Amino acid sequence: MVFFRSVTALSRLRSRVVCFFFYFHSLFTYLRNQQSSLTNSMRWIQMQSSSDLDLHSQLKELIPEQQFIFFSLFFFFQERLKKVKSEYGKSQLGNITVDMVIGGMRGMTGLLWEGSLLDADEGIRFRGMTIPECQKVLPAAKPDGEPLPEGLLWLLLTGKVPSKAQVNALSKELQDRATVPEYVFKAIDALPASAHPMTQFVTGVMALQVQSEFQKAYEKGIHKSKYWEPTYEDSLNLIARLPVVASYVYRRIYKDGKIIPMDASLDYGANYSHMLGFDDPKMQELMRLYVTIHSDHEGGNVSAHTGHLVGSALSDPYLSFAAALNGLAGPLHGLANQEVLLWIKNVVNECGENTTTEQLKDFIWKTLNSGKVVPGFGHGVLRKTDPRYTCQREFALKHLPNDPLFQLVSKLYEVVPPILTELGKVKNPWPNVDAHSGVLLNYFGLTEARYFTVLFGVSRSLGICTQLIWDRALGLPLERPKSITMDWIEKNCKKAA
């Protein structure tokens, strides 16, 4: 009897192995016959559908477990990573120049970042999809509304466009995870209320780190193939709790500490707006759009790169994201959205709301001649108008076309690029995302410019945490670039000459 059971079990196993083989043979054949570009591969994945409402279950299908038989699409990507490394590991992706080394590694290709890709002319793509495409296909809270951030999180993690039911389920899960321990608020309260909102926000994130599931699992000796699972738990907990912490900071500084609790009937973006104290449905729509378009911008920007760098040391998502926020708080990165609104208000103070084109030109030249830059214009990578600016402009044309500050922003769009082009020192004279966001927030009553970078930070958690999960799943190594001295440059360049 035992013999026959063994034969039956073996027969079943053989059958499953055969199915497993043919499944992957078909998959590899299919993908080999497609165009080899990453975009087309991602398009194919986006077409795959699933009725499963649980995001973690989706990732369990995509990320290989240790079981002998486990067929999933992500197996292809792990094998693909190995294949790319073995076949193309020694291939050159470009020439590194001394200018790049001295200039902050500008333009060097040196990171793997799955969630998004930034093209100089085309702008950002989230898993191969442009912002207009995301606005079209990602579920919204209402017909013709802005995409829900939960939908983009699903897309970034899985490469698939979720259904409305899946997004609703994820929204509910994030609400269930959003409980913030009391000691987090006490840690923030230990700071003076005059501390910058980003300082208070980062303090709250560091206090949340006490509950890190990854740290606990690592101390117990979890196998590295399982690293992604506690990283996933930390990441979703962090994403869920950030609006609570961020709104607490806002209400503490600007609203006498009168806290507004979460509303279980609202989605992620709308709830954040609600907890800040803004219940205008249009403001909730703006918050959905804001979080979505600020969520990711490939891996080379300061905050994303910092999160990846710190995470590569196996620091948990709380530590990694806190480090990323400290980078975001710099004036040359996330703090720029604060600077833009303050600069625009200076224009109004000096020239009035009905500023003429000539007055505007004079003010811009005055700014430039004083050694300052026009905030909100130019970009380290883009060479055209930022698509994130464009979608915010479309939002303004739809909801606040007659707002004086929006009309001023529109005039700046006409006046600034020709002046910067005439100056001859700017590679990209076009507006970026920061040129518009502050004016929209100001219109709906969120006038405190010092807080704007916190909004940016909440949004950026989606992209950074997504990549941390995939860093663990792919087993990406410790980041360790090579540095050189000026003596080394001089000696080696002389030899080469």
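- The name given to the protein chain in an unreviewed UniProt entry is Citrate synthase, and the organism recorded there is Acer yangbiense.
- Turning to the protein chain, the UniProt record has this under Sequence similarities (unreviewed entry): "Belongs to the citrate synthase family."

1. Remarks on the pattern of salt bridges
So, step 1. For the structure shown, the criterion picks out 14 salt bridges.
So, step 2. Note that Arg177 and Glu233 form a salt bridge whose closest N and O atoms lie 3.1 Å from each other. In this pair, Arg177 is assigned in the loop between helix H8 (164–176) and helix H9 (182–189) and Glu233 in helix H12 (residues 228–254), connecting sequence segments 56 residues apart.
So, step 3. Taking the relative accessible area as the measure of exposure, Arg177 reaches 13% and is therefore buried.
So, step 4. The residue Lys226 makes a salt bridge to Glu229 at a minimum N-O spacing of 3.8 Å.
So, step 5. Glu229 sits in the buried class, given a relative accessible area of 17%.
So, step 6. Linked by salt bridges that have partners in common, Glu122, Arg125 and Glu133 make up one network.

2. Here we look at empty space enclosed by the protein
So, step 1. Tallied over the full model, the rule gives three cavities of 30 Å³ or more.
So, step 2. Considering only enclosed or pocket space, the largest cavity measures out at about 70 Å³ in volume.
So, step 3. Along the walls of the largest cavity sit Ser171, Leu174, Gln175, Ala178, Ala240, Pro243, Met262, Leu266, Asp267, Tyr268, Asn271 and Met275, which together make up its complete lining.
So, step 4. In the lining of the largest cavity, the residues fall into eight nonpolar, three polar and one charged.

3. Digging into the nonpolar core
So, step 1. In terms of nonpolar packing, the biggest core is built from 111 residues, with Phe201, Ile364, Leu446 and Leu455 touching the most fellow members.
So, step 2. Each of two domains, domain 1 (149–333 + 448–474) and domain 2 (335–444), supplies a minimum of three residues to this core.
So, step 3. In this view, Phe201 contacts Leu242, Val245, Ala246, Val249, Leu325, Val454, Gly457 and Val458; residues no more than four positions away in its chain are not counted.

4. Re the UniProt feature "active site" (unreviewed entry) in the protein chain
So, step 1. As annotated by UniProt and renumbered to match this structure, "active site" (unreviewed entry) occupies His333, His379 and Asp434. In terms of the greatest pairwise C-alpha distance, the residues named above, spread along 102 residues, form a tight cluster of at most 10.4 Å across.
So, step 2. Looking at where His333 falls in the secondary structure, it is placed in the loop between helix H16 (317–328) and helix H17 (336–351).
So, step 3. Leave out the neighbours within four places in its chain, and His333 touches Asn301, Val302, Ser303, Gly327, Leu328, Asp434 and Arg460.
So, step 4. Its place among the elements puts Asp434 in helix H21 (residues 434–443).
So, step 5. Residues contacting Asp434, with those up to four places away along its chain left out, are His333, Ala336, Asn337, Val340, Gly376 and Phe456.

About the cut-offs
Residues numbered from 1 in each chain as written. Predicted model: local features only at pLDDT ≥ 70, side-chain atom pairs only at ≥ 80, totals over all residues. Heavy atoms only, no water. UniProt positions renumbered as here; feature names shortened; annotations may be inferred. Salt bridge = Lys/Arg side-chain N within 4 Å of Asp/Glu carboxyl O. Helix = DSSP H or I, 4+ residues; strand = E, 2+ residues; numbered from the N terminus. Buried < 20%, exposed > 50% of the residue type's maximum accessible area, 1.4 Å probe, protein only. 1 Å grid on protein atoms, 1.4 Å probe; cavity = no way out; pocket = protein on both sides within 12 Å on 5 of 7 lines; lining within 4 Å. Points joined across faces, edges and corners; volume = space filled by probe spheres on them. Nonpolar A, V, L, I, M, F, W, Y, C, P; charged D, E, K, R; others polar. Core = buried A, V, L, I, M, F, W, Y, C linked by side-chain atoms within 4.5 Å. Domains from an automatic or database assignment. Contact = heavy atoms within 4.5 Å.

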